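One letter stands for each residue in the lines below.
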Amino acid sequence: MRRGLRLICAVMVCLLLVGCGEEPEKSRTIFAMDTIIELHLWGGNAEPCSDALVSLFQSLEQTWSPTVETSLLARMNRGEEVTLTPEEEALLAQVEALEAETGGAFHPRLLALSQAWGFYSRDYRVPTQQEIADALASRRWDLGAALKGYAGTQAAALLEEMGVDRGILNLGGNVLTFGTKPDGTDWQIAIQDPDGDGYAAVLSVSGTMSVVTSGDYQRYFEMDGVRYHHILDPETGYPADSGLRSVTVICADGLRADALATALFVMGPEAGSAFWREHPDFEAVFLCSDGRILATPGAKLSGCVYEEIGYAQ
Ligand code: ADP
Ligand code: MG
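Note that the structure is predicted; figures quoted are calculated from it, not measured.

**A few points about the overall build of the protein chain**
And step 1. From N to C terminus, the protein chain includes nine helices and 14 strands.
And step 2. The C-alpha extent of the protein chain, read off along each of the three principal axes, is 55 × 45 × 35 Å.
And step 3. By the burial criterion, 54% of the 313 residues in the protein chain qualify as buried.
And step 4. Restricting to contacts in the protein chain with at least 6 residues of sequence separation, those with at least 24 account for 61%.
And step 5. For the protein chain, the accessible surface area stands at approximately 13200 Å², while carbon and sulfur atoms represent 49% of it.

**A short note on the site of ligand 1**
And step 1. Among the 21 residues in the neighbourhood of ligand 1, the closest are listed as D142, S214, H230, L232 and T262.
And step 2. At 3.5 Å from an oxygen atom of ligand 1 is found a main-chain nitrogen or oxygen belonging to G144.
And step 3. Within the side chain of D258, an N or O atom sits 3.1 Å from an oxygen atom of ligand 1.
And step 4. Compared with its free state, where it exposes 570 Å², ligand 1 has 98% of that area covered by protein.
And step 5. Per-element accounting of the shell around ligand 1 gives the leading share, three residues, to helix α8 (residues 254–267).

**Some details on the coordination of the magnesium ion (ligand 2)**
And step 1. Here the magnesium ion (ligand 2) is held by the protein donor atoms A145 (O), D258 (O), D258 (OD) and T262 (OG1), which lie 2.1 to 2.4 Å from it.
And step 2. Sequence spacing among the residues donating to the magnesium ion (ligand 2) works out to A-x112-D-x3-T. One end of the pair, A145, is in the loop between α6 (129–138) and α7 (147–161); the other, D258, is in helix α8, and 113 residues separate them in sequence.

**What about the sheet that holds strand β2 (residues 35–42)?**
And step 1. Strand order in this open sheet of nine strands is β1-β2-β3-β4-β7-β10-β11-β12-β14, and the pairing throughout is mixed. A single partner strand is all that each edge strand has here, and the edge strands are β1 (26–32) and β14 (307–308).
And step 2. Where strand β7 (residues 209–215) lies against strand β10 (residues 244–251), six bridges are found, and the strand directions are antiparallel. Residue pairing in the sheet places G215 in a bridge with S246 of β10.
And step 3. Each of β1, β2 and β3 (166–171) is contacted by helix α2 (residues 46–64), which is oriented at about 10° to β1, the strand it contacts most.

Parameters at a glance
- Residues numbered from 1 in each chain as written.
- Chains lettered and ligands numbered in written order.
- Predicted model: local features only at pLDDT ≥ 70, side-chain atom pairs only at ≥ 80, totals over all residues.
- Heavy atoms only, no water.
- Helix = DSSP H or I, 4+ residues; strand = E, 2+ residues; numbered from the N terminus.
- Buried < 20%, exposed > 50% of the residue type's maximum accessible area, 1.4 Å probe, protein only.
- Contact = heavy atoms within 4.5 Å.
- Areas by Shrake-Rupley, 256 points an atom, 1.4 Å probe, with all protein chains shown as cover.
- Near = heavy atom within 4 Å.
- Polar contact = N/O pair within 3.5 Å; in protein donor to acceptor, adjacent residues only side chain to side chain.
- Donors = N, O, S within 2.8 Å, 3.2 Å for Na, K, Ca; no water.
- Pairing = 2+ DSSP bridges.
- Axes fitted to C-alpha atoms, helices over the stretch in contact; angles between N-to-C directions.

Dropping the structure here:
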């Protein structure tokens, strides 16, 4: 992960978002779930709520990180007997349902494949076909493509429960909005330009909503002049090469938003648009490799030229 760049992005998003006159009651930056998390909360309970959010994210990491040796996920991956809480069972059932719904494009058991490419150790390499086949066969859990989204939805429930007035959370590019901006208008969320530190488009969002981007610029390495990124196509075992630079999904359910952003990236613009026509319970913005921007009709997009994805093909 290029943490420096990620921090710059996070700061850029927040400048866009918070530049609305009123200072947030409580702003805080923490590091958890292998990412920089920014919290901006307004209202009487903002301070205790920010503490509760930090505990929530740390606890999710301790349970679901594949690299924390004592985590539930690591124990499952070692084939140990585990007892799951109803909530943990529900999360695994949801990710399996998302895998089925996306025809396996979102694949929650790719840990060994990501490791074979060196995305965990940062000791990057191109694996052999045999290593790819072995990695795919090992089916070890990795919820990295969905956990931050799930965390966003859990966080929203906490904000609701603790009576926070409004807030915005940025979990390393996964944004959660809660309520409106203090002046009553929509939050303005930048979609990063894949080729720079600026932004390619801006989304207006309000209420409890997750805005999640998966892009080929978020984690990658270059070898012999070829660029390899971290979103893997479970069919080939190689980085997805589907004609996209990024996909942003806007959905009330954060887990769904995160899993779908990854899955639609693997599918590409055409199959991804077809998926949306069949499951129109979310909005999406596709930044294509050829420079086109495609957006579903309900995405409130500005600051760019884009084509609207039609309801009928
Ligand atoms: P990020 O975590 O960088 O925001 P994603 O949500 O797209 O981006 O998740 C990518 C991570 O998920 C990878 O680092 C890897 O751990 C895992 N992964 C890679 N390809 C897939 C896939 N097709 N389905 C599910 N998980 C994946
Ligand atoms: Mg994802």
